[in-house]
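# Commentary on secondary and tertiary structure
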Protein chains: 2
Amino acid sequence: MGDTQAVLPHFHAIIPAGGVGSRLWPLSRADHPKFLHDLAGNGNTLLRNTWDRLVALAGADNIVVATGVSHAPAVRSQLPDLQPDHLVSEPSPKESAAAIGLVAAIIERRDPEAIVGSFAADHVISDDEAFHRAVTEGYHAAQADWVVTIGIRPSEASSAFGYIHAATPESIEGAPSALLVSSFVEKPDFATATQYVASGDYLWNAGMFIAKASVLLGRMAEEKPELVAALREMAASWDSPERDRVTDRLWPELEKIAIDYAVAEPTAAAGGMVVIPGDFGWDDVGDFAALARMHSKGPGDLAILGDNTMVLSDSATGIVVSQSSRLVTVVGLDDIVVVDTPDALLVTSKEHAQRVRALVDMLNQQDRGGVL
Amino acid sequence: MGDTQAVLPHFHAIIPAGGVGSRLWPLSRADHPKFLHDLAGNGNTLLRNTWDRLVALAGADNIVVATGVSHAPAVRSQLPDLQPDHLVSEPSPKESAAAIGLVAAIIERRDPEAIVGSFAADHVISDDEAFHRAVTEGYHAAQADWVVTIGIRPSEASSAFGYIHAATPESIEGAPSALLVSSFVEKPDFATATQYVASGDYLWNAGMFIAKASVLLGRMAEEKPELVAALREMAASWDSPERDRVTDRLWPELEKIAIDYAVAEPTAAAGGMVVIPGDFGWDDVGDFAALARMHSKGPGDLAILGDNTMVLSDSATGIVVSQSSRLVTVVGLDDIVVVDTPDALLVTSKEHAQRVRALVDMLNQQDRGGVL
């Protein structure tokens, strides 16, 4: 049973390719961020996987990537079929509302009927067909002017993800599984996560948004009118010689805000948001514990990323990332995390994987930028 | 209060410099064994420290070093004052009875009245004066034909060392603290070690032996007559042009046995052995847990060997050995052992430090000799 996904009319995919992935240091670096790594272990970068997954829905000509200006060359090299004017370089980091909003505004001018779907460049998804089914439902709900998100059916009680509370079916043509979103909730503690999952009324928030470009920007404008006015002014000059002049003037002043706060939460509060439950494997690979989970073949299997002939361990769990040519040996430690790179080594445990971000902050403070 | 130790007449020190220190891999290597490392952190190799400690007792002209043929150049370079004919190269490893016995037999021929004292090249001793006092007592007991050992007064219940059971004072001129040795006991479990230390009747076996050369060889001959006959035959030709021919003929056939079994245990069983309690800091630095203990400034202090500006850790205990130019980071792990060298990395815990030997065995089996 192959994937017979057809390209969806007027559907445009947005791939925000931002974020270093600090908690994956020293694997992820400022100049080689998470989306440029083969974290799924299939020989391709996460960015390339994201592209391949979206081409079936949007077609290669209807995908726009937003990335930091320093990563533009790497993105082009990863995505040779990306249209030259479909790479939006952000002069400086401004968070997701500005990045996605600008691309939506550019697409809106190029195709006033556009339905946009935004999908992060650095997530791992294991079942493309199920992903395509969910996005297709989301596309149909977006046609009916909903702002749509894809929520992942939880496979466990995780405190590493935010949740979407959605219990009431919403009747929408072409989107039979749509549920009205009551609210978004931040990463809960483990006990709360357990209750959420047991109730069956919560899905993982995977940060995927689908809406008409005009609806998305309209919702954003209700919350942040100045931001959207600036984004639309930039978009108006984008495909003209004025682009750089306008961007240079407006971009530095843009408000830094996540699209979750600028669109998703207020829209949900106003009863304008539905979620399509996604029954596919998904992970945002937020830290080495997530990477260990993804790459372990099961309980009692140490995950190894890199040349496994250079890793010798009697540890049953955890992860070794081998990126240098050295022999890595681990004796008697469970849930260990060892990340070996040519200029920096990290040793921690799955339990403390989230603390790597604080370590990176400390390295920054100590002016050890050379390894970041 | 300086150390006014005078050279002891006819006293000859033997320094067996053998043993790779497998449990200190990848710091110790076959071509750079434990005794060539600065494990005391004072800028000198353990071998050099051993030499300096013994010069005061024996004089530079009365110290003989026995080492593997491949380490002879490094030993000479470490000990420029070592007499050219005082370096005994072992053509192949034959354990301590052959190594120490051959040197004792050579010394016996050069000085029939010799009293020999054998002290490993790779132990750490913190109070030279107390060491000198103990050895001087041992020297006097050896003059009265005893085989003597120095036993270390335990500072804790350690299961990492063998013990000497000795409760009965033995009246010997010049050796007021001598105790008759009842028996040697192998490394006990922790509960047994606790009982030993509480009883006050047990000392750590530091593998130090003092005796007249003739007495030592005589005791060894009672147990292993063929071995001693061969050693004395080699010694007879040692300072002649026949040395290589005789050595080549006899050495390969020598029995491999530790001096503990060939001399110490049978002599103790026959009532011929006394121990001088040593009240000095001592460690055989058998594994990284020992190295961590030695180099920690106290509870809550991570030991760092190497460039500590290249180590960033929030771990309160354990040890990081930094021998590469890489940044080493450790997050949230107590009692951790990280040994970072240019071609091999070890990650373990103090608890499992003894298992490093098994790892080295495994590397040998896998033909990864390049890193051993």
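Model, not experiment: these values are computed from the prediction.

## A few points about the sheet that holds strand β15 (residues 311-313) of chain B
Spatial strand order, β14(A)-β16(A)-β18(A)-β19(A)-β17(B)-β15(B): 6 strands in an open sheet with mixed pairing. Single-partner strands in this sheet number two, and they are β14 (303-306) of chain A together with β15 of chain B. This sheet shows a mean twist of 10° between the axes of neighbouring strands, independent of strand direction. Inspection of the sheet shows strand β18 (residues 336-340) of chain A paired to strand β19 (residues 344-349) of chain A by 5 bridges, in the antiparallel sense. The partner of Val337 of chain A across the bridge, within β19 of chain A, is Thr348 of chain A. Of the strands in this sheet, β14, β16 (318-322), β18 and β19 of chain A touch helix α10 (residues 288-295) of chain A, which is tilted by about 95° from β16 of chain A.

## Remarks on empty space enclosed by the protein
The tally for this structure, following the rule as stated, stands at 4 cavities of 30 Å³ or more. Of the voids in this model, the largest cavity is the one considered here, and its volume is about 50 Å³. The wall of the largest cavity is formed by Thr50, Arg53, Leu54, Phe119, Ala120, His123, Ile125, Phe131 and Met208 of chain A. Taken together, the residues of the lining of the largest cavity sort by class into 6 nonpolar, 2 polar and 1 charged. There is about 40 Å³ of room inside the second largest cavity. Looking at the second largest cavity, the residues that line it are Thr50, Arg53, Phe119, Ala120, His123, Ile125, Phe131 and Met208 of chain B. Within the lining of the second largest cavity, the residues separate by chemical class into 5 nonpolar, 2 polar and 1 charged.

## Thoughts on the pairing of strand β6 (residues 147-152) of chain B
Residues and elements named next belong to chain B. Counting buried positions along β6 gives 6 out of 6 residues, so the element sits mostly inside the fold. Neither face of β6 is exposed, since Val147, Thr149 and Gly151 on one face and Val148, Ile150 and Ile152 on the opposite face are all buried. With 6 bridges joining them, β6 and strand β12 (residues 273-278) adopt parallel strand pairing. Each bridged residue has a counterpart across the sheet, and for Gly151 the counterpart in β12 is Pro277. Sheet analysis places β6 next to strand β11 (residues 202-212), joined by 4 bridges and oriented antiparallel. Residue pairing across strands places Thr149 opposite Phe209, the latter belonging to β11.

## A closer look at the sheet that holds strand β17 (residues 327-330) of chain A
Strand pairing in a sheet is mediated by backbone hydrogen bonds. Such pairs are either parallel or antiparallel. The mixed open sheet is built from 6 strands, whose spatial order is β15(A)-β17(A)-β19(B)-β18(B)-β16(B)-β14(B). The open sheet has two free edges, formed respectively by β15 (311-313) of chain A together with β14 (303-306) of chain B, since each of these has just one partner strand. The mean inter-strand angle of the sheet, taken between neighbouring strand axes irrespective of direction, is 10°. Where helix α10 (residues 288-295) of chain B meets the sheet, its contacts fall on β14, β16 (318-322), β18 (336-340) and β19 (344-349) of chain B, and the angle it forms with β16 of chain B comes to roughly 95°.

## Topic: the UniProt feature "domain: Nucleotidyl transferase" (unreviewed entry) in chain A
UniProt tags residues 13-296 of chain A as "domain: Nucleotidyl transferase" (unreviewed entry). Spanning residues 13-296 of chain A, this segment combines 40% helix with 20% strand, and its end C-alpha atoms are found 31 Å apart.

## What about the UniProt feature "domain: MannoseP isomerase/GMP-like beta-helix" (unreviewed entry) in chain A?
In this numbering, the UniProt entry assigns the feature "domain: MannoseP isomerase/GMP-like beta-helix" (unreviewed entry) to residues 311-363 of chain A. Taken end to end, residues 311-363 of chain A is 15% helix and 43% strand, and its two terminal C-alpha atoms sit 27 Å from one another.

## Brief notes about the interface of chain B and chain A
The interface of chain B with chain A comprises 33 residues on the first partner and 33 residues on the second. On the chain B side of the contact with chain A, Arg326, Leu327 and Val331 of chain B bury the most area, a combined 25% of that side's loss. Across the contact surface, chain B and chain A share 4 salt bridges. Between Asp314 of chain B and Arg355 of chain A there is a salt bridge whose closest N-O contact spans 2.3 Å. Along the contact surface separating chain B from chain A lie 20 residue pairs in polar contact (both at pLDDT 80 or more). Going through the elements one at a time, β17 (327-330), β18, β19 and α11 (356-365) of chain B are the ones with two or more residues in the side of chain B that touches chain A. Here the element with the most residues in the side of chain B that touches chain A is β19 of chain B; it accounts for 6 residues. Across the side of chain B that touches chain A, the residue classes break down as 19 nonpolar, 8 polar and 6 charged.

## Quick word on the packing of helix α6 (residues 213-223) of chain B against helix α9 (residues 259-269) of chain B
Residue and element names in this part refer to chain B. It is at 9 Å that the axes of α6 and α9 come closest, and there the two elements cross at 100°. One way to sum up the angle between α6 and α9 is to call them roughly perpendicular. Listed contacts from α9 to Leu216, Arg219, Met220 and Glu223 of α6 are Ile259, Tyr261, Ala262, Val263, Pro266 and Thr267. Class assignment of the residues belonging to the contact of α6 with α9 gives a composition of 7 nonpolar, 1 polar and 2 charged.

## A word on the domain arrangement of chain A
Residues and elements named next belong to chain A. Partitioning chain A into structural domains gives domain 1 (11-283) and domain 2 (288-371). For domain 1 and domain 2, the distance between their C-alpha centres works out to 29 Å. If you look at the interface, domain 1 gives 14 residues, while domain 2 gives 22 residues. Between domain 1 and domain 2 the total buried area reaches about 1,600 Å² when both faces are included, carbon and sulfur atoms providing 61% of it.

## Examining the relation of the copies chain B and chain A
Overlay of chain B on chain A (RMSD 0.1 Å): rotation 179°, translation along the axis 0.1 Å. Interpreted geometrically, this transformation is the action of a two-fold axis. Judged by C-alpha distance, Val347 of chain B is the residue of chain B that lies nearest the rotation axis, at 4.0 Å. When the interface residues of chain B are mapped onto chain A, 100% of them again lie at the interface, so the same face is used by both copies.

## So, the pattern of salt bridges
Residue and element names in this part refer to chain B. As enumerated under the stated definition, the model contains 36 salt bridges over all chains in all. Across the salt bridge formed by Asp145 and Lys212, the nearest N and O atoms sit 2.7 Å from each other. With Asp145 in the loop between α4 (128-143) and β6 and Lys212 in strand β11, this pair connects stretches of sequence that are 67 residues apart. Given a relative accessible area of 24%, Lys212 falls into the partly exposed group. Here Asp279 and Arg153 are joined by a salt bridge, their closest N and O atoms 3.0 Å apart. Of this pair, Asp279 sits in the loop between β12 and β13 (282-283) while Arg153 sits in the loop between β6 and β7 (163-165); the two residues are 126 residues apart in sequence, bridging distant segments of the chain. For Arg153, a relative accessible area of 43% puts it in the partly exposed group.

## Some thoughts on the packing of aromatic side chains
Residues and elements named next belong to chain A. With the rule as written, the count across this model stands at 16 aromatic pairs over all chains. Where Phe11 meets Tyr139, the ring centres are 5.9 Å apart and the plane angle is 85°; that geometry is what we call edge-to-face. Residue Phe11 is found in strand β1 (residues 11-17), and its partner Tyr139 is found in helix α4 (residues 128-143); the two are separated by 128 residues along the sequence. For the pair formed by Phe11 and Tyr139, the shared burial category is buried. With a centroid separation of 5.6 Å and an interplanar angle of 80°, the aromatic rings of Phe131 and Phe280 are classed as edge-to-face. Within this pair, whereas Phe131 is found in helix α4, its partner Phe280 is found in the loop between β12 (273-278) and β13 (282-283), the two being separated by 149 residues in sequence. Three or more aromatic residues joined by ring pairs make a cluster, and in this case those are Phe119, Phe131 and Phe280.

What counts and how
- Residues numbered from 1 in each chain as written.
- Chains lettered and ligands numbered in written order.
- Predicted model: local features only at pLDDT ≥ 70, side-chain atom pairs only at ≥ 80, totals over all residues.
- Heavy atoms only, no water.
- Pairing = 2+ DSSP bridges.
- Helix = DSSP H or I, 4+ residues; strand = E, 2+ residues; numbered from the N terminus.
- Axes fitted to C-alpha atoms, helices over the stretch in contact; angles between N-to-C directions.
- Contact = heavy atoms within 4.5 Å.
- 1 Å grid on protein atoms, 1.4 Å probe; cavity = no way out; pocket = protein on both sides within 12 Å on 5 of 7 lines; lining within 4 Å.
- Points joined across faces, edges and corners; volume = space filled by probe spheres on them.
- Nonpolar A, V, L, I, M, F, W, Y, C, P; charged D, E, K, R; others polar.
- Buried < 20%, exposed > 50% of the residue type's maximum accessible area, 1.4 Å probe, protein only.
- UniProt positions renumbered as here; feature names shortened; annotations may be inferred.
- Buried area = accessible area lost by both parts, 1.4 Å probe.
- Salt bridge = Lys/Arg side-chain N within 4 Å of Asp/Glu carboxyl O.
- Polar contact = N/O pair within 3.5 Å; in protein donor to acceptor, adjacent residues only side chain to side chain.
- Parallel < 35°, antiparallel > 145°, perpendicular 65-115°, else oblique.
- Domains from an automatic or database assignment.
- Least-squares fit on C-alpha atoms with pLDDT ≥ 70 in both.
- Phe/Tyr/Trp six-rings, centres within 6.5 Å; stacked < 30°, edge-to-face > 60°.

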